[in-house]
Amino acid sequence: MDRPRDAVPAARPGFLERTFRLAEHGTSVRTEVLAGLTTFLTMAYIVFINPSILGDAGMPRGAVFVATCLVAALGSMIMALWANYPIALAPGMGLNAYFTYVVVQQLGFSWQAALGAVFISGVCFLIVTLTGLRALIVEGIPRSMRIAITVGIGLFLAIIALKNAGLVAASPATFVTLGDLHKPEAILAVLGFLMVAVLSARKVRAALLSSILTVTALSFVFAGNTFQGIVSLPPSIAPTLFALDIPGALSAGLLHVILVLFLVELFDATGTLMGVASRAGLLTDGKMRRLDRALMADSVSVFAGSLLGTSSTTAYLESASGVEEGGRTGLTAATVAVLFLACLFFAPLAGAVPAYATAPALFYVACLMLRELVELDWDDITEVVPACVTALLMPFTYSIATGVSCGFITYAALKLSAGRAREVKPIVWVIAAVFLFKFVETGGAH
């Protein structure tokens, strides 16, 4: 049958709709861009903190700044276009500290050899991803442990936020204590958190971003924040580009370092991916549909980061703040990637957002992530106890990897002791044994 003359052909979906399937995910360009801006603002601190930490290892800070921006943009864009998830990537906190203060300062290796170790761990990471072994490991994680990972990440976010806000401080007697509430930074952070909570209760979509921008504006008036310009040319990346020392990394002393980096990257990134995806409602029957692609984006980023000149790159917890603003597709991550590239030229402007301005948003997201606890089967001790161990040790040891490793060991030990070993998947026994070996070898010190 001929089409009526007055019939209008269906409009072809635009590029963004075809690429990110916005309608399918119930979102819009405006929402995704807003979510990407929110995520970027909560993790932009890394472009300043990473060069500072790796600078203590003797690395040129200007080159590390450029490498940090580039690998964050690359990793986030791969996640956006290949996996279509609202998850951003950047050099990981904790991994950079291990790189500097353990591998270089304590063990005495050069930063070039340490980069070589990152490279080799990245290659291993890539292999287990390409062979499907990493996805197999993730699928073998019990449901209770998946919940625990999400909750633990929430608690970990909370302690990071409270520390950045100045609301908790170190104490020689009690380890942590209440910070100085007379400081304007702490007061502004409290006001920012209340603002987030009130706006969210009133269903204001840009609640987190509004809080970040408001606290930043007030910081110029009450907290002595200084405006140092808008545009500057990026430094040269030449001092760190392809500077890694692979033969040095293959020495006997660094083989253990490579194993630790691999294990930390494996479970930090996987735990974060699952936690953020769960918060975004992107899990189907407890699984990520495009997990293999998300893992590939993460793996390639570790590999690329070592070549550019930075410590291991990983999926970022702060992506949860963008998810809370409505981010559901890769357009959120693509927005983050573009903003990191812009950071190369707008470093002074990006530096105007202080950590205590993003802390309220992180703490609010952390509060919401704790509600996953209701999904646990509290009548089954062999499931609940390992889950609690996992969640509690993440903030108290300041390490996602430590929480996950202790949780797996506890899970395997309890199931075995309770005569329920048949309930444990083979991969769990392997993971628990590897982590137990790691603790025996290192004493858990690193």
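Scroll up for the structure.
Residues numbered from 1 in each chain as written. Predicted model: local features only at pLDDT ≥ 70, side-chain atom pairs only at ≥ 80, totals over all residues. Heavy atoms only, no water.

### As for the overall build of the protein
- Each helix and strand counted, the protein has 20 helices and six strands in total.
- Against the compact-globule benchmark of 22 Å for 446 residues, the protein has a radius of gyration of 22 Å, which places it among compact chains.
- In terms of overall dimensions, the protein has a C-alpha envelope of 70 × 60 × 45 Å along the principal axes.
- Considering the protein as a whole, with its 446 residues, one finds that 55% of them fall into the buried category.
- Here the contacts in the protein between residues at least 6 apart in sequence split such that 81% fall between residues at least 24 apart.
- Counting 27 positive and 26 negative side-chain charges, the protein places the centres of these two groups 5 Å from one another. (Helix = DSSP H or I, 4+ residues; strand = E, 2+ residues; numbered from the N terminus. Rg over C-alpha atoms; globule rule 2.2 N^0.38 Å. Buried < 20%, exposed > 50% of the residue type's maximum accessible area, 1.4 Å probe, protein only. Contact = heavy atoms within 4.5 Å. Lys, Arg positive; Asp, Glu negative; His and termini not counted. Charge placed at Lys NZ, Arg CZ, Asp CG, Glu CD.)

### Section: the side chain of threonine 314
- Here threonine 314 is to be found in strand 6 (residues 313–315).
- When sequence neighbours within four positions are dropped, the list of residues in contact with threonine 314 reads Ala88, Leu89, Ala90, Gly92, Asp268, Ala269 and Asp298.

### Some details on helix 3 (residues 46–55)
- Most of helix 3 is tucked away: seven of the ten residues are buried.
- Of the positions making up helix 3, those classed as buried are Ile46, Val47, Asn50, Pro51, Ile53, Leu54 and Gly55.
- Tucked inside the fold, the buried residues of helix 3 contact helix 2 (29–43), helix 4 (61–83), strand 1 (89–91), helix 5 (95–104) and helix 15 (330–343).

### Focus: the pairing of strand 3 (residues 175–178)
- Two strands pair when backbone bridges link them, and strand 2 (residues 168–171) and strand 3 are joined in this way by four bridges, in the antiparallel orientation. Across the sheet, alanine 170 pairs through a bridge with valine 176, a residue of strand 3.
- Two successive antiparallel strands, strand 2 and strand 3, enclose a turn made up of three residues. (Pairing = 2+ DSSP bridges.)

### Some points on the packing of aromatic side chains
- Counted by the stated rule, this structure contains five aromatic pairs.
- With centroids separated by 5.2 Å and ring planes inclined at 80°, the aromatic side chains of phenylalanine 40 and phenylalanine 340 adopt a geometry described as edge-to-face. Linking phenylalanine 40 in helix 2 with phenylalanine 340 in helix 15, this pair joins segments that are 300 residues apart in sequence. Per residue, the accessibility class of phenylalanine 40 equals that of phenylalanine 340, and both read buried.
- On the basis of an interplanar angle of 40° and a centroid distance of 5.1 Å, the ring pair of phenylalanine 119 and phenylalanine 303 is categorised as tilted. With phenylalanine 119 in helix 6 (residues 111–130) and phenylalanine 303 in helix 13 (residues 291–308), this residue pair connects regions lying 184 residues apart in the sequence.
- On the basis of relative accessibility, which here comes to 16%, the residue phenylalanine 119 falls in the buried class.
- Above the plane of the ring of tryptophan 82 lies arginine 293, whose end atom (NZ or CZ) is 4.0 Å from the centre. (Phe/Tyr/Trp six-rings, centres within 6.5 Å; stacked < 30°, edge-to-face > 60°. Lys NZ or Arg CZ within 6 Å of the ring centre and 35° of its normal.)

### Re helix 4
- Here helix 4 is 23 residues long and its end C-alpha atoms lie 32 Å apart, about the 33 Å a rise of 1.5 Å per residue gives.
- Asparagine 84 lies just past helix 4 and shows a positive phi near 55°. (Expected span 1.5 Å × (residues − 1).)

### Here we look at the environment of leucine 199
- The topology assignment puts leucine 199 in helix 9 (residues 184–201).
- Beyond its immediate sequence surroundings of up to four residues, leucine 199 is in contact with Val204, Ala207 and Ser210.

### Comments concerning unusual backbone geometry
- Positive phi is not limited to glycine here, since asparagine 84 has a value of about 55°.
- Relative to the helices and strands, asparagine 84 resides in the loop between helix 4 and strand 1.
- The phi dihedral of phenylalanine 175 falls on the positive side, at around 70°, and the residue is not glycine.
- Taking the relative accessible area as the measure of exposure, phenylalanine 175 reaches 71% and is therefore exposed.

### So, the pattern of salt bridges
- Overall, the coordinates contain seven salt bridges when judged by the stated rule.
- Through salt bridges with shared partners, a single ionic network connects Asp380, Glu383, Lys415, Arg420 and Glu423. (Salt bridge = Lys/Arg side-chain N within 4 Å of Asp/Glu carboxyl O.)

### Description of the side chain of aspartate 380
- Positionally, aspartate 380 belongs in the loop between helix 17 (355–369) and helix 18 (381–397).
- Residue classification places aspartate 380 among the buried positions, given a relative accessible area of 12%.
- A distance of 2.6 Å separates the side chain of aspartate 380 from the side chain of threonine 382, its partner in a polar contact.
- In this structure, aspartate 380 is in contact with Lys415 and Arg420, ignoring residues within four places of it in sequence. (Polar contact = N/O pair within 3.5 Å; in protein donor to acceptor, adjacent residues only side chain to side chain.)

### Details of the environment of threonine 310
- Take threonine 310: it is sitting in the loop between helix 13 and strand 6.
- Here threonine 310 falls in the buried class, since its relative accessible area comes to 0%.
- For the pair threonine 310 and serine 236, spaced 74 residues apart in sequence, the C-alpha separation works out to 14 Å.
- When residues no more than four places from it in sequence are discounted, the contact partners of threonine 310 are Asn50, Leu54, Ala67, Thr68, Val71, Pro91, Leu115, Val118 and Gly305.
- A distance of 2.9 Å separates the side chain of threonine 310 from the side chain of asparagine 50, its partner in a polar contact.

### Here we look at the packing of helix 2 against helix 15
- In contact at an axis separation of 7 Å, helix 2 and helix 15 are set at 50° when each is read in the N-to-C sense. Regarding the angle of helix 2 to helix 15, the classification is oblique. Handedness of the helix 2/helix 15 crossing: right-handed. Only Leu331, Thr332, Thr335, Val336, Leu339, Phe340 and Cys343 of helix 15 make contact with helix 2, whose side of the interface consists of Val29, Glu32, Val33, Ala35, Gly36, Leu37, Thr39, Phe40 and Met43.
- Within the contact of helix 2 with helix 15, the residues separate by chemical class into eleven nonpolar, four polar and one charged. (Axes fitted to C-alpha atoms, helices over the stretch in contact; angles between N-to-C directions. Parallel < 35°, antiparallel > 145°, perpendicular 65-115°, else oblique. Left-handed = near helix turned anticlockwise from the far one by under 90°. Nonpolar A, V, L, I, M, F, W, Y, C, P; charged D, E, K, R; others polar.)

### Describing the packing of helix 18 against helix 19 (residues 400–417)
- Running from amino to carboxyl end, helix 18 crosses helix 19 at an angle of 160°, the nearest separation of the two axes being 7 Å. Classified by the interaxial angle, the pair formed by helix 18 and helix 19 is roughly antiparallel. Judged by the sense of rotation from one axis to the other, the crossing of helix 18 with helix 19 is right-handed. On helix 19, the residues that touch Ile381, Thr382, Glu383, Val385, Pro386, Val389, Thr390, Leu393, Met394 and Thr397 of helix 18 are Ile400, Thr402, Gly403, Val404, Cys406, Gly407, Thr410, Tyr411, Leu414 and Lys415.
- Split by residue class, the contact of helix 18 with helix 19 holds eleven nonpolar, seven polar and two charged.

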